[in-house]
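Topology and contacts: notes
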Amino acid sequence: PPPAVTSMAPAAIVYATNLRGSVDAIADHPLDPDRNWLTRDHSGEVTFVRTDFADPPGGASQAPRAQEFRVLMRRTGSGSDAIQVCFRALRGTTEGPDSQCVHLGPGGAFPIDVKLTLPPHAAGHVGLRIWAASSASGGGAEVGAVRWFAAAA
């Protein structure tokens, strides 16, 4: 049978660049969000955030296997060009072997489902790194909610 899955909100924001707000702003479920967001400080600049999660009941799988995340994001600023947003999983300070990138267009908030592989044999809490480019027209991205659907060991 497949391993049990636990839906987990981030426990901490390890660092953020060009985003303002606390971990409480993104702790809700992306399919049932509140009105709080990590908001951009400056238009025309890249946004970057790394979140960490507590260990799920039973511990997180140490195998280099896909883990699922869901992130609520929105494009802000002027223009209608798409913003590239990329995601990468971490364990401690070790990055996973893959990343996933999407293009975020205007028109509201969108939940983004991401499957990423955890780094094998690394120690530390599971984290998610989110990087969003800035558009030529000054548009950028903001984060509204983050979830890890943790597959237990």
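Conventions used here
Residues numbered from 1 in each chain as written. Predicted model: local features only at pLDDT ≥ 70, side-chain atom pairs only at ≥ 80, totals over all residues. Heavy atoms only, no water. Helix = DSSP H or I, 4+ residues; strand = E, 2+ residues; numbered from the N terminus. Rg over C-alpha atoms; globule rule 2.2 N^0.38 Å. Contact = heavy atoms within 4.5 Å. Disulfide = S-S within 2.5 Å. Buried < 20%, exposed > 50% of the residue type's maximum accessible area, 1.4 Å probe, protein only. Pairing = 2+ DSSP bridges. Axes fitted to C-alpha atoms, helices over the stretch in contact; angles between N-to-C directions. Polar contact = N/O pair within 3.5 Å; in protein donor to acceptor, adjacent residues only side chain to side chain. Core = buried A, V, L, I, M, F, W, Y, C linked by side-chain atoms within 4.5 Å.

For the protein chain, the count of helices and strands is zero helices and twelve strands. From first element to last, N terminus to C terminus, the protein chain shows the α and β order β-β-β-β-β-β-β-β-β-β-β-β. Taken against the 2.2 N^0.38 rule, which gives 15 Å for 153 residues, the C-alpha radius of gyration of the protein chain at 15 Å falls within 12% of a compact globule. At a minimum sequence separation of 6, the contacts of the protein chain that also span at least 24 residues come to 77%.

Time to look at the state of the cysteines. What the rule picks out here adds up to one disulfide. Each disulfide pairs two cysteine sulfurs, and for Cys-86 the partner residue is Cys-101, the sulfurs being separated by 2.1 Å. For the disulfide bridge between Cys-86 and Cys-101, the dihedral angle about the S-S bond is near 110 degrees, and by the sign convention the bridge is right-handed. One end of the pair, Cys-86, is in strand 7 (residues 83-91); the other, Cys-101, is in strand 9 (residues 100-104), and 15 residues separate them in sequence.

Following the sequence through the fold, Ala-150 ends up in strand 12 (residues 140-151). You can call Ala-150 buried: its relative accessible area is 0%. Measuring from C-alpha to C-alpha, the distance between Ala-150 and Phe-53 comes to 9.7 Å, with 97 residues separating the pair along the chain.

As a further point, take the sheet that holds strand 10 (residues 109-117). Taken together, four strands build an open sheet; the order of strands is 1-12-6-10 and the sheet is antiparallel. This sheet does not close on itself; its edge strands, each paired only once, are strand 1 (5-8) and strand 10. Across the sheet, the axes of successive neighbouring strands diverge by a mean angle of 25 degrees, strand direction being ignored. Strand direction decides the pairing type here: strand 6 (residues 66-76) and strand 12, joined by nine bridges, are antiparallel. From the neighbouring strand, Arg-75 faces strand 12, where its bridge partner is Ala-141.

On to the pairing of strand 11 (residues 126-132), then. In terms of burial, strand 11 is largely enclosed, as six of its seven residues are buried. Here strand 5 (residues 47-52) runs beside strand 11; their pairing, made up of six bridges, is antiparallel. Opposite Val-49, over in strand 11, you have Ile-130 as the bridge partner. Where strand 7 lies against strand 11, seven bridges are found, and the strand directions are antiparallel. By the bridge assignment, Leu-90 is partnered in strand 11 with Gly-127.

Bringing the side chain of Arg-70 into the picture now. The residue Arg-70 is located in strand 6 in this model. The exposure class assigned to Arg-70 is buried, which follows from its relative accessible area of 17%. Side-chain polar atoms of Arg-70 contact the side chain of Asp-113, separated by 2.4 Å. Look past the residues within four positions of Arg-70 in its chain and what remains in contact with it is His-29, Pro-30, Leu-31, Pro-111, Ile-112, Asp-113, Ala-145, Val-146, Arg-147 and Phe-149.

Now for the nonpolar core. Counting 28 residues, the largest nonpolar core has Phe-69, Met-73, Val-85, Phe-87, Leu-128, Ile-130 and Val-143 as its most contacted members. Within the residue set of this core, elements represented by two or more residues are strand 6, strand 7, strand 10, strand 11 and strand 12. In terms of residues, this core owes the most to one element, strand 12, which gives five residues. Contacts of Met-73, omitting those with residues within four sequence positions, involve Trp-37, Val-85, Phe-87, Leu-104, Gly-108, Ala-109, Phe-110, Ile-112, Ile-130, Ala-141, Glu-142 and Val-143.

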